[in-house]
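# Coordinates in review
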Amino acid sequence: QVQLVESGGGLVQPGGSLRLSCAASGLFFSINDMGWHRQAPGKQRDLVAGITRVGRTNYAESVKGRFTISRDNAKNTVYLQMNSLKPEDTAVYYCSAEVLKNPAARADYWGQGTQVTVSP
């Protein structure tokens, strides 16, 4: 019923930039928090950045000052602008959303993931 479609991943050199997008579609009442997590091979999935419906943000310490999360509520879309990318940023990035399907039904949804590779 609800799908999160991610785009913007790819291969970039160290110091480069990428912009990830994630659009929610389907039947739902509203979306609360949205965010991005990432998972590198052999590592756990970690929070990268989160944003509330009203725009409050939080970031992992490792990306502060380099990444910026934003959202467009009218488009049900969350973005992650990634600058000054480092090899250690290489991971699969997952979009997430806390969705109210109706005022009495809440569920978490995840995108399928998009690969970000930072390499010379």
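First, a word on scope: everything that follows refers to the structure included in this document. Since this is a predicted model, take the numbers as computed values, not measurements.

## Quick look at the state of the cysteines
- The full count for this structure, using the stated rule, is 1 disulfide.
- With its sulfur 2.1 Å from that of its partner, C22 forms a disulfide with C95. Here C22 and C95 share a disulfide; its torsion about the S-S bond, -80°, makes the bridge left-handed. Here the residue C22 occupies a position in strand β3 (residues 18-26), and C95 occupies one in strand β9 (residues 91-102), the gap between them amounting to 73 residues. For the pair formed by C22 and C95, the shared burial category is buried.

## Focus: the environment of L80
- Its location among the elements puts L80 in strand β8 (residues 77-82).
- Judged by its relative accessible area of 0%, L80 falls in the buried class.
- Through-space distance from the C-alpha of L80 to that of Y93 is 10.0 Å; in sequence the pair is 13 residues apart.

## Digging into the packing of aromatic side chains
- Per the stated rule, a full pass over the model turns up 0 aromatic pairs.
- Geometry around Y79 places R19 over its ring, the cationic atom sitting 4.1 Å from the centre.
- Geometry around W110 places R45 over its ring, the cationic atom sitting 5.0 Å from the centre.

## Observations regarding the pattern of salt bridges
- Summed over the entire model, instances satisfying the criterion amount to 3 salt bridges.
- The partner of D89 in a salt bridge is R38, with the nearest N and O atoms 2.9 Å apart. Within this pair, whereas D89 is found in the loop between β8 and β9, its partner R38 is found in strand β4 (residues 30-39), the two being separated by 51 residues in sequence. Across this residue pair, the class does not change: D89 and R38 are buried.
- Across the pair R66 and D89 runs a salt bridge, and its minimum N-O distance is 2.8 Å. Highlighted residues: R66 in the loop between β6 (57-59) and β7 (67-72) and D89 in the loop between β8 and β9, separated in sequence by 23 residues. As far as burial versus exposure is concerned, R66 and D89 are alike and both buried.
- Each of R38, R66 and D89 takes part in a single network of salt bridges with overlapping partners.

What counts, and at which threshold
Residues numbered from 1 in each chain as written. Predicted model: local features only at pLDDT ≥ 70, side-chain atom pairs only at ≥ 80, totals over all residues. Heavy atoms only, no water. Disulfide = S-S within 2.5 Å. Helix = DSSP H or I, 4+ residues; strand = E, 2+ residues; numbered from the N terminus. Buried < 20%, exposed > 50% of the residue type's maximum accessible area, 1.4 Å probe, protein only. Phe/Tyr/Trp six-rings, centres within 6.5 Å; stacked < 30°, edge-to-face > 60°. Lys NZ or Arg CZ within 6 Å of the ring centre and 35° of its normal. Salt bridge = Lys/Arg side-chain N within 4 Å of Asp/Glu carboxyl O.

Just distances and angles here, no functional claims.
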